[in-house]
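Single-letter residue listing:
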Amino acid sequence: MKNKHSEFPHLLDPLDLGFITLKNRILMGSMHTGLEEEKDGFHRMAVYYAARAQGGVGLIVTGGVAPNRSGWVAPFSLRLAKSSQVKEHRTITDAVHESGGKICMQILHAGRYGYHPLCVAPTAIKAPMNRFKPRALSGRRVRSTINDYIRCASLAMEAGYDGVEIMGSEGYLINQFIAKKTNLREDEWGGDFVSRIRFALEIVKGVRKAVGEKCIIIYRLSMLDLVKNGSTWDEIVLLAKEIEKAGATIINTGIGWHEARIPTIATMVPRAGFAWVTKRLMGEVKVPLVTTNRINMPHVAEAVLADGSADMVSMARPFLADPDWTKKAKDGRVDEINTCIGCNQACLDHIFSRKTATCLVNPRACNETTKVFVKTGVQKRVAVVGAGPAGLSCAVTAAARGHKVILFEASMKIGGQFRLARMIPGKDEFEETLRYYSRQLKLHKVEVKRNTSPAPSELKGFDEIVISSGVKPRAITIKGGEKDCVSLYSDVLSGEKSVGSRVAIIGAGGIGFDMAAFLLHDQGGPETVEDFMAQWGVDMSYAEAGGLGAPHKDKPAREIYLLQRKKTKPGAGLGKTTGWIHRSLLKKNGVKILNGVEYLAVNDKGLLINHFGKEMQLEVDDIVVCAGQVSVLDLKNELDKEKMEYHLIGGALKAGELDAKRAIAQGMEVADQI
Ligand code: FAD
Ligand code: NAP
Ligand code: SF4
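Because the structure is a prediction, the values reported are computed rather than measured.

S.K.: Looking at this structure, I do not really get the overall build of the protein chain. What am I missing?
M.R.: Helices and strands together make up the secondary structure of the protein chain, namely 21 helices and 27 strands. Its C-alpha atoms give the protein chain a radius of gyration of 26 Å, within 12% of the compact-globule value 26 Å for 674 residues. Its C-alpha atoms give the protein chain principal-axis dimensions of about 75 × 65 × 50 Å. Within the protein chain, buried positions represent 60% of all 674 residues.

S.K.: Would you mind going over the site of ligand 1 with me for this structure?
M.R.: Close to ligand 1 lie 37 residues; Q345, E409, K427, G651 and A660 are nearest. Here an oxygen atom of ligand 1 and a side-chain polar atom of E409 are 2.6 Å apart. Protein burial of ligand 1: of its 990 Å² of free accessible surface, 90% is covered by the chains. At the level of elements, α13 (389-400), α14 (418-421), α16 (489-493), α17 (510-520) and α21 (660-673) are the ones that each hand at least two residues to the shell around ligand 1. For the shell around ligand 1, a count of residues per class yields 20 nonpolar, 12 polar and five charged. Mapped onto the domain boundaries, the shell around ligand 1 takes at least three residues apiece from domain 2 (381-472 + 631-673) and domain 3 (475-522 + 557-627).

S.K.: Where do I start with a negative patch on the surface in this structure?
M.R.: Negative charge collects at one region of the surface, where E527, E530, D531 and D554 lie side by side. Inspection of the secondary structure assignment puts D531 in helix α18 (residues 529-536). By relative accessible area, D531 is classed as partly exposed at 38%.

S.K.: Looking at this structure, I do not really get the nonpolar core. What am I missing?
M.R.: Across soluble globular proteins, you tend to see nonpolar side chains buried next to one another. Counting residues in each nonpolar core, the largest one holds 155 residues, and the members touching the most others are I166, F199, Y219 and I243. No other element matches helix α3 (residues 139-158), which puts eight residues into this core. Sequence-distant contacts of Y219, defined by excluding residues within four places in its chain, comprise I166, G168, I174, I178, A200, V204, L239, I243, A248, I250, I251 and N252. Counting residues in each nonpolar core, the second largest holds 21 residues, with L420, V492, V499 and C626 among its members.

S.K.: Would you take a moment to explain the packing of helix α1 (residues 41-54) against helix α2 (residues 86-98) for this structure?
M.R.: For any two helices packed against each other, one specifies the crossing angle of their axes together with the interaxial distance. One can describe the packing of α1 onto α2 by two numbers: an axis separation of 8 Å at closest approach and a directional angle of 20°. By the criterion of interaxial angle, the relationship of α1 to α2 is roughly parallel. The interaxial crossing formed by α1 with α2 has right-handed handedness. Side by side, α1 and α2 meet where F42, H43, M45, A46, Y49, A50 and A53 of the first sit next to E88, H89, T91, I92, A95 and V96 of the second. Of the residues contributing to the contact of α1 with α2, the split by class is nine nonpolar, three polar and one charged.

S.K.: How should the site of ligand 3 be read in this particular structure?
M.R.: In the vicinity of ligand 3, the contacting residues are R317, L320, C340, I341, G342, C343, N344, A346, C347, C359 and L360. Residues that form the shell around ligand 3 fall into these classes: eight nonpolar, two polar and one charged.

S.K.: What is the right way to read the side chain of T339 from this model?
M.R.: Counting through the fold element by element, T339 comes out in the loop between α11 (325-330) and α12 (348-352). For T339, the side chain forms a polar contact with the side chain of R435, separated by 2.7 Å. T339 has contacts with N296, M297, A321, V361, E429, E432 and R435, leaving out every residue within four places of it along the chain.

S.K.: Would you mind showing me how to read the sheet that holds strand β14 (residues 404-408) here?
M.R.: By definition, the strands of a sheet pair up through backbone hydrogen bonds, in either a parallel or an antiparallel sense. Pairing in this open sheet of five strands is parallel, and the strands run β15-β14-β13-β16-β27 from one edge to the other. The sheet is open, and its two borders are formed by β15 (447-449) and β27 (647-648), each paired with just one other strand. With two bridges connecting them, strand β16 (residues 464-467) and β27 associate as parallel partners. For V466, the partnering residue across the bridge sits in β27 and is H647.

S.K.: Help me understand α13 in this model?
M.R.: An α-helix turns once per 3.6 residues; consequently, residues spaced three or four apart project the same way. End to end, α13 covers 16 Å across 12 residues, agreeing with the expected 16 Å (1.5 Å per residue, within 8%). Looking only at α13, the buried set comprises P389, A390, G391, L392, S393, C394, A395, V396, T397, A398, A399 and A400. Check the buried side of α13 and you find it contacts β13 (381-385), β14, α14, α15 (430-443), β16 and α21. At the exit of α13 stands G402, carrying a positive phi of roughly 115°.

S.K.: What is the right way to read the sheet that holds strand β11 (residues 289-291) from this model?
M.R.: On the basis of which strands lie adjacent, the closed barrel formed by eight strands has the order β3-β4-β5-β8-β9-β10-β11-β12 and parallel pairing. Pairwise comparison of adjacent strand axes, ignoring direction, gives a mean angle of 30° for this sheet. The strands that helix α7 (residues 233-246) touches are β9 (216-224) and β10 (250-255); relative to β9, the one it contacts most, it runs at about 175°.

What counts and what doesn't
- Going along each chain's sequence as written, the residues are numbered from 1 onward.
- Starting at A for chains and at 1 for ligands, labels are handed out in the order in which the entities are written.
- Where totals are concerned, whole chains, interfaces and linings use all residues; where local detail is concerned, this predicted model gives features only for residues with pLDDT of at least 70, and gives and counts side-chain atom pairs only at 80 or more.
- Working from all heavy atoms in the structure, the side-chain values ignore hydrogens and water.
- Helix numbering and strand numbering both begin at the N terminus, where a helix is a DSSP run of H or I of at least 4 residues and a strand a DSSP run of E of at least 2.
- Computation of the radius of gyration draws on C-alpha atoms, with the globule rule given as 2.2 Å multiplied by the number of residues to the power 0.38.
- Between buried and exposed lies partly exposed: a residue is buried under 20% and exposed over 50% of the maximum accessible area for its type, with that area taken using a 1.4 Å probe on protein chains only.
- Working definition: residue near molecule or strand if any one of its non-hydrogen atoms lies within 4 Å of it.
- In protein, a polar contact requires one atom able to donate a hydrogen and another able to accept it; more generally it is a pair of N or O atoms within 3.5 Å, and residues adjacent in sequence count only if both atoms are side-chain atoms.
- For accessible areas, the Shrake-Rupley method is used with a probe of radius 1.4 Å. Any residue's cover is judged against the shown protein chains and nothing else.
- Three classes are used, and their members are as follows: Ala, Val, Leu, Ile, Met, Phe, Trp, Tyr, Cys and Pro are nonpolar, Asp, Glu, Lys and Arg are charged, and the others, Gly among them, are polar.
- Per the annotation, domain bounds derive from an automatic or database assignment of domains.
- Note on patches: the residues involved have over 30% relative accessible area and no salt bridge, like charges join within 9 Å, and the nonpolar side chains Val, Leu, Ile, Met, Phe, Trp and Tyr join within 5 Å.
- A carboxyl oxygen of Asp or Glu within 4 Å of a side-chain nitrogen of Lys or Arg is what we treat as a salt bridge.
- Counted as positive: Lys and Arg. Counted as negative: Asp and Glu. His and the chain ends are not counted at all.
- By convention, the charge on Lys lies at NZ, on Arg at CZ, on Asp at CG and on Glu at CD.
- Only buried Ala, Val, Leu, Ile, Met, Phe, Trp, Tyr and Cys residues count toward a nonpolar core, and they belong to the same one when joined by side-chain atoms within 4.5 Å.
- Note on contacts: a residue pair is in contact if any heavy atoms of the two residues lie within 4.5 Å.
- Axes here refer to lines fitted to C-alpha atoms; in helices the fit is confined to the stretch in contact. Angles between the N-to-C directions go from 0 to 180 degrees.
- Roughly parallel refers to an angle under 35 degrees, roughly antiparallel to one over 145, roughly perpendicular to one between 65 and 115, and oblique to any angle outside these ranges.
- Each helix crossing is assigned a hand: it is left-handed if the near helix lies turned anticlockwise from the far helix by less than a right angle, otherwise right-handed if that turn is clockwise.
- A strand pair is defined by DSSP finding two or more bridges across the two strands.
- Working rule for helices: expected span equals 1.5 Å times residues minus one.

Read these as spatial facts, not as claims about activity.
Take a look at the structure:
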């Protein structure tokens, strides 16, 4: 019986698995955080997972744990292969159970994605993004690997987990056996589809036999490979049926191999953009199906379940952003949810740079034991000047700790540069962060003085002053630069100035790339899931194995040049896991990206440049300057004159290499110390 009184009856409906009942349909998806490799990692993971359990999530799945050494994602990543390793996992399972949660351990064998010389695969074919070539498993090693999975699952049960998730998607080892692309074997483990799925089935059957009936076995099934020579839809249905027969309790959805060149979780993917894939499989099997990817708010999750796309939803990053996501949905406090904006900047980008993950909008994530929230014993009067991400984070944290905070903002609206960022196609999620802070300001009774730039005299009665006056666009000096056709990015994004159909963008940093995407938007950026799939070449009819089709090409709305002076690759500083998407989007739309440029003059024809020693006239109507930013320091300079003390944070502290991750983290850090 669904909870009729809730706003989210499907989402909060318990799920009875026969031997165990999950309290709702919310699964915290597997996410490697890097805590796994930290010195006191198990303690930190225990606190991290327990916080999400206390937040009310129905079932947690841990980051991947290798069943043996060759299955490592990277050297010395977490492995469960011996009894002696069981005890440390107990720290996690005890903490989660004491917090009222349930937790499964993911078993992940990286196969040819293993970034180390011991990596193995069905066939010795190197993965595109790995410099290590895998060794092909012998028939004997295939058998022993299956046994390693089974032993790993048994040890997980000994460690107190409620079950295991067997990672069969995203292009990892099991997926490598299943796909023709990576399995050229001629023995019993290769050849036709039935032989290629034997490895997966033997694992599930063996695990079920070893762990008994009262253990959750989730199988993560690649339902859309997004690589050539992946599985056909008929093969996916057959695999799901066989996996069910082999003993899985739940089937989770996997979308796209890591090497696929289609965005699957980045912020420009429409919300719940891949739920249609799971929906296709609904009714083919009796076990519950979980859908996933870019589900970040309760009404999105509810809609997906209500329209029969799945029985359960999986979210991973949203639980980094807000451990209390479920509780807030249940209590009707959706406006208090700190929403994952899909940026990848502090989670996946950190992991791929070998740093511990955290979250841009929640710097306490994965730092639960180090960045501890403590109420203040002594209430202070705090002035925060500037309501961009840094000031908002500082004001809200200080007030939540118990201080009396006044937030001054020069303009009528809070958000600073984030207000411009949300205008970029695919960055509309940034609006959620502003909604979150607006609500938090009210909740913690921060007095907001809009349209106010305080003079030093007005700040004299405060115990602490925080300057978060941020940045402004850097203007450049160029002959003819005073002409009306030259605009700053802020003028264009705020709608104060419009531009013609031929545009040169000066500066190819994050904002230059965003500006190009913004100017291409006139052609109609992908508004619907169908548009998005067409733009990126995902064939929703699965005519070809793997689900790839030809990307739809529109005539670009504008002719755009994106320019930089450096000779290095433009866009090299973009996000590790998202930069390729920005570069590829611009390339698809014919944006001409030039490095090694010298700006000579703005003239009647447009922009005159020198390109690698050759003069070149760019015939453009407008020139948009995205040449970085400088700190806004008026107030700082005035306070210096008065010899008044203050804290300086965000862009006001340092404009170079500034991003919202640093701004928000610094705001919180200073507020924690006050
Ligand atoms: P700001 O955002 O500049 O805020 C400063 C605030 O202080 C402003 O509201 C200003 O009006 C106010 N102020 C200034 N002086 C005074 C005064 N004397 N009195 C009162 N108020 C004052 N970052 C990312 O991490 N990821 C992204 O994807 C991303 N995309 C972006 C896209 C675009 C198009 C833009 C423009 C920025 C993007 N950023 C992104 C950068 C991000 O927005 C900034 O790093 C962040 O806003 C900096 O925060 P801040 O609080 O330090 O400064
Ligand atoms: P940026 O990344 O530092 O890029 C500035 C660009 O301007 C560079 O291409 C630079 O290249 C050029 N430039 C600098 N000084 C110049 C001058 N005097 N004349 C002409 N060109 C000049 O800065 P940004 O694009 O303004 O971005 C600001 C911050 O916002 C970034 O640090 C980034 O972290 C954040 N952001 C992030 C994202 C994201 O997706 N993660 C998106 C947008 C913004 P040359 O010097 O070689 O010409
Ligand atoms: Fe979401 Fe960005 Fe936080 Fe990652 S860093 S969890 S993508 S908001």
